[in-house]
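Per-entry structural report
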Amino acid sequence: MQLVQDKLPEQIPLLPLKDIVVFPQMILPVFIAEDVCLKAVESAMAKDKLILLSAFQVDNASGRSPENNGTTELAASSPVPFDVYDVGTVAMVMRTRRLPDGRVKVLVQGVRKACIKELLQQEPFPLVKVSALADEEINKEMASEAEALSRTVRDQLEKLVALGKALTPDILVLLDDVTDPGRLADLVASNMNLKIADAQWVLATTGGLERLRRVHKLLVREVEVHSAQQRIQSAAKEEVGRASREHYLREQLRAIRSELGELDGKDDLEELRDRIQRAQMSSDALAEASKQIKRLERMNQDSSEATITRTYIEWLCELPWAKASEINLDIIQCQKILEEDHFGLEKIKDRILEFIAVKKLNPDAKGPIICFVGPPGVGKTSLGRSIAKSLGRKFVRLSLGGMRDEAEIRGHRRTYVGAQPGRLMQALKNVQVKNPVIMLDEIDKLGSDYKGDPASALLEVLDPEQNHNFSDHYINVPFDLSQVMFIANANRLDTIPAPLRDRLEVIEVSGYSEDEKREIAKQYIIPKSIEQTGLTSDLVQIQDSAVELMINSYTRESGLRHLEKHIASITRKIARNVAESDATGKSRKVWKVTPKVARELLGEERYTSEEHDCTAQRVGVATGLAYTSVGGEILYIEVNLLPGKGSLILTGQLGDVMKESAHAALSHIKSRSASLGIDAKMFTEMDVHLHFPAGAIPKDGPSAGVTIACALLSAFVKRPIRQDVAMTGELTLHGRVLPVGGLREKILAALRVGIKKICVPEKNKSAIAELPASLRKRAEIHYVSQIDDLWNETLQGGWPAPSVTTGVEGAAAGGQVRLVAESVQQDSAH
């Protein structure tokens, strides 16, 4: 190392630097805030603007090259706090500028290297004695090496730029104009962002060629590092797929959202784990949930499979595995609630109270599966709601009408798109208890197609021996349904499959008599309608006679829906009148709804007593009774005899069973033609036309057999039939009368049209005995076991007649039967 003076002042202010080494000819800004440094800059500006820049010594031996360990280039002889490297750069202060934050920006340009010989003062600013350092001259022998090394440095620098090293854009252009090795070394080193120790190792070297050698070594090392880094990045990019990149980005986004406060900071998976622990699942469900949560952890959270798995776990958590309503076992209170909500229906109320009593004595007893069967409007669904209320349980209604897909009951398997649990699991999730009362509405209207048979799926649900282990296809773990109280309702039983019907405890909910309708209207319907329209009982008083008018002249039904609609129509019209009176300032008047007022408000009567003339006597006319899905109906049968070849013509859209009943009745009369006084030629020379009017309505069932036989006999013997007598019963070929069903509805239908005398099979005595005493008192019941007994009751003058007219004359007077069935549906007598 050669020390020279070369026009540098012996004393010069010192500006210590952090994290940077300044090379000669290098222009850069320096930001200072310390008073000592500011005073050093002010002193330089006051004289020749020269100042020594030297970096603080750092302990970075691990970052040095092997050649620079323990050398004098990194020596620092100045005491603390000015323990800077001895070799620094004398710079020219070009200008200064004070910034708003209090700091001073000093723009400096390196002039030449210098070495600190002595620290002259520390206060008010450091002042040092320096000596200039000059590069050794390059002789002719070293020139060729310097040229080769310069070219190599330029090539290495170009490689470094190609590998992605961020350098000053003009550096490569400037290098082409630099021929001095030392100047080239300083220019490259100042743009390489070297570590402090490495940069100082280069700066302190006085020989230009040697300095270029050191820069070359650093360049080679830097190129190797960047090459290895690029290889690593390329290999990583090839291994990372689209899903991994998305996951990485999503995690970054989640972290950003968490920092912004858009997330509560709680991980979704942790929340799911907490919900699983709180759900009190069964052991099978807990094991499945734990298995699925582990699978979810390994998935990309934004994939479709993760969404399906998360939804499944949420379903498991939301089902009421252990939650149950507390059952009210107070029999007296339950009886009071049932009496308040429904009038009559004693058999049903007794059955519910029996269930409560058994449950009280044996809490582990399995609940019954009750099925209410009856016409529409008799209160089957509201009964289920009242039962739930009396027991203190939650109520759920599942409409099964028209259901054709088995998955509606059992759910879909999770492999299908849009899969979800069955409606049973959905209902339990909604009520959040495992022991509700579930009303299976319209169970007789279940369908079936290629998607499965829902009725078959209900077999497991409604079997007390199996439903404790019910497995929904979606949930796929057993769920206990044994504590659920299932109540079904239906309009008819014959459409319910036999295996399903066998699991039901059938309770018939028959139609209401006129007295029952009147009481229900007074106690329930009228107060409810008045309340719903905003009126009060002081403003509206509906007389019993008006209610009877609506029952007999405006409705013809077994239930109460149409009666409720007519009462609601009256209260709405009264409400409108009251509102108009209030708007015009008139005083409100009290409405007393008499039959006359009811006619004015409801319009013309729909049904009149003249529709059936009980005093008429018609040949070939028989009055039968039919039981349909909407209640009982009057069934008239018409028979005409006309010249022909003995054919039986059946019209009126009849079912196979009813057609067979007509053939059986005709065969019975043919077999007894001699004893009945009928000329056998009539069966070969006359056609028999048997017609059931209302041809658009399907009709079927065996209960019209005796009615057909009575009409046929009347037509053949030309004896009129009493129209004040109604009949029902199945007829055999030998004339026996067999029992039929739906007697309560049939009797009510006869009473509605004014017929009191009713002939029923003798084997139906037990069914008649169960009818209310008020109904039996109003009807005159006659029991028949043979068809002759029926003929004796229905034919004018009794049977056998005093004289029998035979032959074909008068066949045209065989008469006709008229079917009055405004809303008759299919006859289902058995």
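Overview of the structure. (Residues numbered from 1 in each chain as written. Predicted model: local features only at pLDDT ≥ 70, side-chain atom pairs only at ≥ 80, totals over all residues. Heavy atoms only, no water.)

**Structural notes on unusual backbone geometry**
Our working rule: Only DSSP runs of H or I with at least four residues qualify as helices, and only runs of E with at least two residues qualify as strands; both kinds are numbered from the N terminus onward. Buried, partly exposed and exposed residues are distinguished by accessible area as a fraction of the type maximum, computed with a 1.4 Å probe on protein chains only: under 20%, between the cut-offs, and over 50%, respectively.
A cis amide bond links glutamate 123 with the next residue in sequence, proline 124, at an omega value of 0 degrees. As for its placement among the helices and strands, proline 124 is situated in the loop between strand S6 (104–121) and strand S7 (127–133). Residue glutamine 432 is not a glycine yet carries a positive backbone phi of 60 degrees. Along the chain, glutamine 432 falls in the loop between helix H15 (423–431) and strand S10 (437–441). Here the phi dihedral of glutamate 442 falls at roughly 55 degrees; this positive angle occurs in a residue that is not glycine. Relative to the helices and strands, glutamate 442 resides in the loop between S10 and helix H16 (454–461). Judged by its relative accessible area of 23%, glutamate 442 is partly exposed.

**Concerning the environment of proline 595**
We apply this condition: Every residue pair with non-hydrogen atoms within 4.5 Å of one another is taken to be in contact.
Here proline 595 lies in helix H21 (residues 595–602). Distance from proline 595 to methionine 550, taken between C-alpha atoms, is 8.6 Å for residues 45 residues apart in sequence. Other than its neighbours up to four places away in sequence, proline 595 contacts Gln543, Ser545, Ala546 and Leu549.

**Topic: the nonpolar core**
How we decide: To qualify as a nonpolar core, a set must consist of buried Ala, Val, Leu, Ile, Met, Phe, Trp, Tyr and Cys residues joined through side-chain atoms within 4.5 Å.
Core analysis: the largest hydrophobic core is formed by 56 residues, its most contacted members being Leu15, Ile32 and Val188. Per-element tally for this core: the top contributor is helix H6 (residues 208–239), with six residues. Apart from the residues lying within four places of it in its own chain, the contact partners of valine 188 are Val153, Leu157, Leu175, Val215 and Leu219. Core analysis: the second largest hydrophobic core is formed by 55 residues, Ala285, Cys317, Trp321 and Leu398 among them.

**Topic: the packing of helix H19 (residues 544–554) against H21**
Threshold: Angles here are taken between N-to-C directions and fall from 0 to 180 degrees, while the axes themselves are lines fitted to C-alpha atoms, restricted in helices to the stretch in contact. Between 65 and 115 degrees an angle is taken as roughly perpendicular, under 35 as roughly parallel, over 145 as roughly antiparallel, and anywhere else as oblique. Working rule for handedness: look at the near helix, and if it is turned counterclockwise from the far one by less than a right angle, call the crossing left-handed; if clockwise, right-handed. Here the nonpolar group is Ala, Val, Leu, Ile, Met, Phe, Trp, Tyr, Cys and Pro; Asp, Glu, Lys and Arg are the charged ones; every other residue, Gly included, is treated as polar.
Packing of H19 against H21 brings their axes to within 8 Å, and their N-to-C directions diverge by 45 degrees. By the angle class used here, H19 and H21 are oblique. As H19 packs across H21, the resulting crossing turns out to be right-handed. Residues Ser545, Ala546, Leu549, Met550 and Tyr554 of H19 touch H21, and the partners they reach there are Pro595, Ala598, Arg599 and Leu602. Looking at the contact of H19 with H21 residue by residue, the classes come out as seven nonpolar, one polar and one charged.

**Quick notes on the packing of aromatic side chains**
Just so we agree on the cut-off: Only rings of Phe, Tyr and Trp enter the pairing, Trp through its six-membered ring, and a pair is recorded when the two centres are within 6.5 Å. The plane angle decides the type: under 30 degrees is stacked, over 60 is edge-to-face, the rest tilted. Should the NZ of a Lys or the CZ of an Arg lie within 6 Å of a ring centre and within 35 degrees of the ring normal, that charge is described as sitting over the ring.
For the structure on display, the rule yields three aromatic pairs. Between tryptophan 321 and phenylalanine 479, the ring centres sit 5.0 Å apart and the planes meet at 55 degrees, which makes this aromatic pair tilted. Note that tryptophan 321 is positioned in the loop between helix H10 (304–318) and helix H11 (331–341) and phenylalanine 479 in strand S12 (residues 478–479), a separation of 158 residues in sequence. A cation sits over an aromatic face here: lysine 589 above tryptophan 591, 4.4 Å from the ring centre. Positioned above the aromatic ring of tyrosine 783, the side-chain terminus of lysine 765 is 5.2 Å from the ring centre.

**A short note on H10**
Short version of the rule: Given the number of residues in a helix, its expected span is that number minus one, multiplied by 1.5 Å.
Here H10 is 15 residues long and its end C-alpha atoms lie 21 Å apart, about the 21 Å a rise of 1.5 Å per residue gives. When H10 is considered as a whole, its buried residues turn out to be Ala306, Thr309, Arg310, Tyr312, Ile313, Trp315, Leu316 and Cys317. Residues of H10 that are buried in the fold lie against helix H8 (268–278), helix H9 (283–297) and H15.

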